[in-house]
Amino acid sequence: MKGRTLIAELHESIDKEVTVGAVVDVRRDHGKLVFLDLRDRTGVVQAVALPNHAEALAVAQELRPEYVVRVEAKVNKRPERMVKADQPNGDIELEILSVTILARASELPFDKDTALNIDTNFDYRPLTLRRDRERAIFAVQAEIVHAYREYLRGEGFSEFQAPKIVGDDAEGGAEVFRFEYFNDRMASLATSPQLYKQILVGVYERVFSTGTMFRAERHSTSRHLNELTMLDLEMGFIDDHRDVMAAMEGLMRYLNTHLQKTSAREFALMEATLPLVPEGQFPTMTLKEAQELIKKETGADKVGAPDLDPEDERWLCSYANEHLQSDYVFVTHYPTSKRPFYTMDDPEVPGMTKSFDLLFRGVEIVSGSQRIHDHDALVQKMESKGLDPAKFSFYLQAFKYGIPPHGGTGLGLERLTQKMLGLENVKEASLFPRDMNRIDLLLAKDTAHTSDL
Ligand code: ATP
Ligand code: MG
């Protein structure tokens, strides 16, 4: 918009006339005056239409929330007693000289400031995303991705774009969406960039990606989506999985500092707090040690179980928060039977792998490990897991022709965002969540109240 002044920059134009392009947040009528809260991408400001600008006042009286307007106005300093120090732009006010309606808006189908039922929130997603709460969630999410990139680039990692269409036997896992490709051939949607990032270790040593991945899990939990964003990394020339854990720990510390600098307003709005990070290393225990601790402290005997249950993850995290000054806990050494074929066994702990999960505020947010880099060992491991190495011949080239010892991690962006901001459901951390019951409105069970859309 020609000559537009952004709301965050109005302070530079006190006593001057400006053109503002904005959306009406709220309209309040006081006798003959109309007050508007106007918002643009940079902030909110109060504007007032006065009877001495009759034409502007008449248009202002027509406005409703979400109307898009161009406003010509004078920027006034508020008298001392009207200053609202706790509000952004609380010390200025726009005196409206004229208003042009750029787009009209129907009445919102929900009350903007009240808590919404999760289905209503997703049924009206194009509108609910405009709320302060949602904008704060996705502003923080964007900062997480930004920090991830910035940190890893600083550590010498190269960014790559992973393919999302893969052959029919990605990792030998079952939870894939299959679809018809060309010439009657079936293909799948990628569940992770795993095999490609390993191949790229042979090219760039250190790589990372941020991308959409698909999981055909028939889960209906507060931590599973069917389309998610994975922040992946893979690094060469490691001694063992602990080098990868150190990289992940460095990333989480960097993220804390970054969010503190960029997102204080959003954390306050969400009533969320930054993670508790210990001064020394993140607490780390083997799966067995974790199980023994749980047994000792709670009496629940799960020693020897191949994985942690969700309630164990919650318990461990609250224990770490209370006793170890940390919202993060590493659990290492999961059994060979529970980890994918490319995970390296730990010769010193029979039956266990050089693998780890990073738990954060009650859930797993990261899985990682040292990978097998020896071609023959990898083939043997595939066979022992009942996979056909011939189906992996493309991937195996990287190993046949030499690849450094390496390891890496997969981090779920939505889960991290969820836990960072204390959201009840991971779906709230996805702009347009896909689950068993929903693709926008396509599968929504109860569309009755949206039939007017
Ligand atoms: P879980 O056991 O919790 O279902 P997973 O072990 O199957 O997860 P990984 O394959 O290890 O998941 O994926 C790496 C990370 O990606 C997870 O730690 C998690 O943060 C995220 N993630 C995996 N699956 C999902 C999902 N369906 N929805 C949201 N995030 C997911
Ligand atoms: Mg995992």
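From a predicted model like this one, the values you see are computed outputs, not experimental measurements.

Novice: With reference to specific residues and values, describe the overall build of the protein.
Specialist: Of the regular secondary structure elements, the protein holds 12 helices and 18 strands. Its C-alpha atoms put the protein at 85 × 60 × 45 Å along the principal axes. The 453 residues of the protein split such that 49% are buried. Of the accessible surface of the protein, which amounts to about 22600 Å², a share of 49% is contributed by carbon and sulfur atoms. Charge centroids of the protein, computed over 56 positive and 73 negative side chains, lie 3 Å from each other.

Novice: How would you explain the packing of aromatic side chains if you had to name every residue and give the values?
Specialist: Summed over the entire model, instances satisfying the criterion amount to 15 aromatic pairs. Plain terms: the ring middles of Phe179 and Tyr181 are 6.2 Å apart, the flat faces sit at 85° to each other, and that makes the pair edge-to-face. For Phe179, a relative accessible area of 26% translates into the label partly exposed. When the ring of Phe341 is compared with that of Phe392, the centres are 5.2 Å apart and the planes differ by 65°; the resulting orientation is edge-to-face. Of the two residues, Phe341 sits in the loop between strand 13 (328-332) and strand 14 (355-360) while Phe392 sits in the loop between helix 10 (375-384) and helix 11 (393-400), which places them 51 residues apart along the sequence. Phe392 matches Phe341 in its accessibility class, with the two residues each being buried. The rings of Phe282, Tyr328, Phe330, Phe356 and Phe360 are connected pair by pair, giving a single aromatic cluster. A cation over a ring is seen here: Arg339 above Tyr334, with NZ or CZ 4.4 Å from the ring centre.

Novice: Any chance you could break down the sheet that holds strand 9 (residues 186-189) for me, citing the residues and the numbers?
Specialist: Taking strand neighbours across the sheet as the criterion, the 3 strands line up as 7-9-8 in an open arrangement whose pairing is antiparallel. Both outer strands of the open sheet, strand 7 (165-166) and strand 8 (178-180), are each paired with one neighbouring strand and no more. With 3 bridges connecting them, strand 8 and strand 9 associate as antiparallel partners. Across the sheet, the residue bridging to Phe179 is Ala187, located in strand 9.

Novice: Summarise the domain arrangement of the protein; cite the residues concerned and give the values.
Specialist: A common way to express how large an interface is: the accessible area buried when the components associate. According to the domain assignment, the protein contains domain 1 (7-103) and domain 2 (121-452). Each of domain 1 and domain 2 was reduced to a C-alpha centroid, and the two centroids are 45 Å apart.

Novice: I'd like a rundown of the coordination of the magnesium ion (ligand 2), residues and numbers included.
Specialist: Within the protein, Glu364 (OE) and Ser367 (OG) serve as the donor atoms for the magnesium ion (ligand 2), at 2.2 to 2.3 Å. Classification of Glu364 as partly exposed rests on a relative accessible area of 23%. Ser367 gets classed as partly exposed once you look at its relative accessible area, which sits at 26%.

Novice: An account of the side chain of Thr409 is needed here, citing residue identities and associated values.
Specialist: When you line up the elements, Thr409 lands in strand 16 (residues 406-412). Discounting residues that sit within four places of it in the chain, Thr409 has contacts with Lys197, Leu231, Asp232, Leu233, Glu234, Val244, Met248, Phe356, Val366, Ser367, Gly368 and Arg371.

What counts, and at which threshold
- Residues numbered from 1 in each chain as written.
- Chains lettered and ligands numbered in written order.
- Predicted model: local features only at pLDDT ≥ 70, side-chain atom pairs only at ≥ 80, totals over all residues.
- Heavy atoms only, no water.
- Helix = DSSP H or I, 4+ residues; strand = E, 2+ residues; numbered from the N terminus.
- Buried < 20%, exposed > 50% of the residue type's maximum accessible area, 1.4 Å probe, protein only.
- Areas by Shrake-Rupley, 256 points an atom, 1.4 Å probe, with all protein chains shown as cover.
- Lys, Arg positive; Asp, Glu negative; His and termini not counted.
- Charge placed at Lys NZ, Arg CZ, Asp CG, Glu CD.
- Phe/Tyr/Trp six-rings, centres within 6.5 Å; stacked < 30°, edge-to-face > 60°.
- Lys NZ or Arg CZ within 6 Å of the ring centre and 35° of its normal.
- Pairing = 2+ DSSP bridges.
- Domains from an automatic or database assignment.
- Donors = N, O, S within 2.8 Å, 3.2 Å for Na, K, Ca; no water.
- Contact = heavy atoms within 4.5 Å.

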